[in-house]
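# Examining the three-dimensional arrangement
Letter by letter, the chains look like this.
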Amino acid sequence: QVQLVESGGGLVQPGGSLRLSCAASGSIFSIVSMGWYRQPPGKQRELVGTITSGGTTMYADSVKGRFTISRATAKNTVYLQMNSLKPEDTAVYFCNANIITIATVRTDNYWGQGTQVTVSS
């Protein structure tokens, strides 16, 4: 089994920064990609961005130029650096990963439990 554990959420003022982390653990053979989604209050979950095993990143238009996804491959960890935060970035942020496990040798999709980010003065 695989677990994704996020950390780093909290309350920040507009214009501030936060860094989220997501560590994958368990019977991991290979990580295909990792990424971040968010769910604002009363809205549907939306993609923030992803990073592939080769390091290719992609971002939603709403966060381009402000958010950066990076990874520490040896630690099976992905980061989301969020700068110039706006009130509309307030949401529960979820880590997501496509992982090949040792047991199944197939790619399955996993979710973290989510971490709250609140941008408010």
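The sections below set out a description of the structure shown in this document. Quantities reported herein were computed from a predicted structural model and do not represent experimental measurements.

## Focus on unusual backbone geometry
A positive phi angle, near 50 degrees, is found at Asn76, a position not held by glycine. The phi dihedral of Ser84 falls on the positive side, at around 50 degrees, and the residue is not glycine. With respect to the helices and strands, Ser84 occurs in the loop between strand 8 (77-82) and strand 9 (91-101).

## Focus: the pattern of salt bridges
A side chain of one charge can pair with a side chain of the opposite charge when the charged atoms of the two come close. Summed over the entire model, instances satisfying the criterion amount to 5 salt bridges. For Asp89, the salt bridge goes to Arg66, with nearest N and O atoms at 2.7 Å. Taken together, the residues Asp89 in the loop between strand 8 and strand 9 and Arg66 in the loop between strand 6 (57-59) and strand 7 (67-72) connect sequence positions 23 residues apart. The same class applies to Asp89 and to Arg66, which are both buried. One salt bridge connects Asp108 with Arg106, and the closest N-O pair in it is separated by 3.0 Å. Members of the salt-bridge network, linked through shared partners, are Arg38, Glu46, Arg66 and Asp89.

## Here's the deal with the packing of aromatic side chains
The geometry of an aromatic ring pair is captured by two quantities: the separation of the ring centres and the angle between the planes. Going through the model one piece at a time under the given rule, you end up with 2 aromatic pairs. Geometrically, the ring pair formed by Tyr37 and Trp111 is edge-to-face, given 5.0 Å between the ring centres and 65 degrees between the ring planes. You can see Tyr37 sitting in strand 4 (residues 28-39) and its partner Trp111 sitting in strand 10 (residues 107-111), a full 74 residues away along the chain. Between Phe94 and Trp111, the ring centres sit 6.4 Å apart and the planes meet at 85 degrees, which makes this aromatic pair edge-to-face. One end of the pair, Phe94, is in strand 9; the other, Trp111, is in strand 10, with 17 residues separating them in the sequence. Relative accessible area serves as the criterion here: at 38%, Trp111 is assigned to the partly exposed category. Every member of this aromatic cluster is reached through a ring pair, and the members are Tyr37, Phe94 and Trp111. The positively charged end of Arg45 is found above the aromatic ring belonging to Phe94, 3.7 Å away from the centroid. Seen from the ring of Trp111, Arg45 lies directly overhead, with NZ or CZ sitting 4.6 Å from the centre.

## As for the state of the cysteines
Summed over the entire model, instances satisfying the criterion amount to 1 disulfide. Between the sulfur of Cys22 and that of Cys95 lies a disulfide, 2.0 Å long from S to S. Because the torsion about its S-S bond is -80 degrees, the bridge between Cys22 and Cys95 counts as left-handed. In this pair, Cys22 is assigned in strand 3 (residues 18-26) and Cys95 in strand 9, connecting sequence segments 73 residues apart.

Conventions we followed
- Residues numbered from 1 in each chain as written.
- Predicted model: local features only at pLDDT ≥ 70, side-chain atom pairs only at ≥ 80, totals over all residues.
- Heavy atoms only, no water.
- Helix = DSSP H or I, 4+ residues; strand = E, 2+ residues; numbered from the N terminus.
- Salt bridge = Lys/Arg side-chain N within 4 Å of Asp/Glu carboxyl O.
- Buried < 20%, exposed > 50% of the residue type's maximum accessible area, 1.4 Å probe, protein only.
- Phe/Tyr/Trp six-rings, centres within 6.5 Å; stacked < 30°, edge-to-face > 60°.
- Lys NZ or Arg CZ within 6 Å of the ring centre and 35° of its normal.
- Disulfide = S-S within 2.5 Å.

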